[in-house]
Amino acid sequence: QVQLVESGGGLVQAGASLRLSCAASERTFSFFAMGWFRQAPGKEREFVAVISRSGNTVYADSVKGRFTISRDNAKNTVALQMNSLKPEDTAVYYCATGNRVTMRVDEYDYWGQGTQVAVSS
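On a predicted model such as this, the values are computed, not experimentally measured, just so you know. (Residues numbered from 1 in each chain as written. Predicted model: local features only at pLDDT ≥ 70, side-chain atom pairs only at ≥ 80, totals over all residues. Heavy atoms only, no water.)

S.K.: How would you sum up the overall build of the protein? Please name residues and give values.
M.R.: When you go through the protein residue by residue, the secondary structure sums to zero helices and 11 strands. Counting from the amino terminus, helix and strand elements in the protein follow one another as β-β-β-β-β-β-β-β-β-β-β. Relative to a compact globule of 121 residues, whose C-alpha radius of gyration would be 14 Å, the protein shows 13 Å and is just as compact. Referenced to the eigenvectors of the C-alpha coordinate spread, the extents of the protein come out at roughly 40 × 25 × 25 Å. Within the protein, the proportion of its 121 residues that are buried is 43%. Side-chain charges in the protein split into 13 positive and 11 negative, and the spacing between the mean points of these groups amounts to 5 Å. (Helix = DSSP H or I, 4+ residues; strand = E, 2+ residues; numbered from the N terminus. Rg over C-alpha atoms; globule rule 2.2 N^0.38 Å. Buried < 20%, exposed > 50% of the residue type's maximum accessible area, 1.4 Å probe, protein only. Lys, Arg positive; Asp, Glu negative; His and termini not counted. Charge placed at Lys NZ, Arg CZ, Asp CG, Glu CD.)

S.K.: Describe the state of the cysteines, naming the residues involved and giving the relevant values.
M.R.: Per the stated rule, a full pass over the model turns up one disulfide. A sulfur-sulfur separation of 1.9 Å characterises the disulfide bridge that pairs Cys 22 with Cys 95. For the disulfide bridge between Cys 22 and Cys 95, the dihedral angle about the S-S bond is near 50°, and by the sign convention the bridge is right-handed. Placement of Cys 22 in strand β3 (residues 18-24) and of Cys 95 in strand β9 (residues 91-98) is noted, with a sequence separation of 73 residues between them. Summarising the burial analysis for this pair, Cys 22 and Cys 95 share the class buried. (Disulfide = S-S within 2.5 Å.)

S.K.: Requested: an account of the nonpolar core, with residues and values cited.
M.R.: Counting residues in each nonpolar core, the largest one holds 34 residues, and the members touching the most others are Trp 36, Leu 80, Met 82 and Tyr 93. Leave out the neighbours within four places in its chain, and Leu 80 touches Leu 18, Arg 19, Leu 20, Trp 36, Val 48, Ala 49, Phe 67, Thr 68, Ile 69 and Tyr 93. (Core = buried A, V, L, I, M, F, W, Y, C linked by side-chain atoms within 4.5 Å. Contact = heavy atoms within 4.5 Å.)

S.K.: Run through the pattern of salt bridges, naming residues and quoting values.
M.R.: Counted under the stated rule, the structure contains seven salt bridges. Salt-bridge contacts for Lys 64 lead to Asp 61; the nearest nitrogen and oxygen are separated by 3.1 Å. A single burial state applies to Lys 64 and to Asp 61, both of which are exposed. The shortest N-O distance in the salt bridge between Asp 106 and Arg 104 comes to 2.8 Å. (Salt bridge = Lys/Arg side-chain N within 4 Å of Asp/Glu carboxyl O.)

Structural data, given as structure tokens:
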């Protein structure tokens, strides 16, 4: 069982930055693709970014150029640096593990509890 714990959410103004972090309990962390997803009230969970075991990245069009995903396999952590935040980025952000790089929510096996990000205009 892989346990994931997110941190770093908060309330910021539009244009500000936040850095989310996700810590994994699994020593085989380096074997997994790591994804970030988000869910706004009344909406479905949506893909944000994913990073492969070797560091290849894929981003949703809505965050491309503003968000950066990174991982530290030695520390079992994955981060999401969010710059130029917009009110539409407001959501609960989740990290998740998967066996491959994919945008599909249903292909990720383990999820964190989420961290709230709120961006005011």
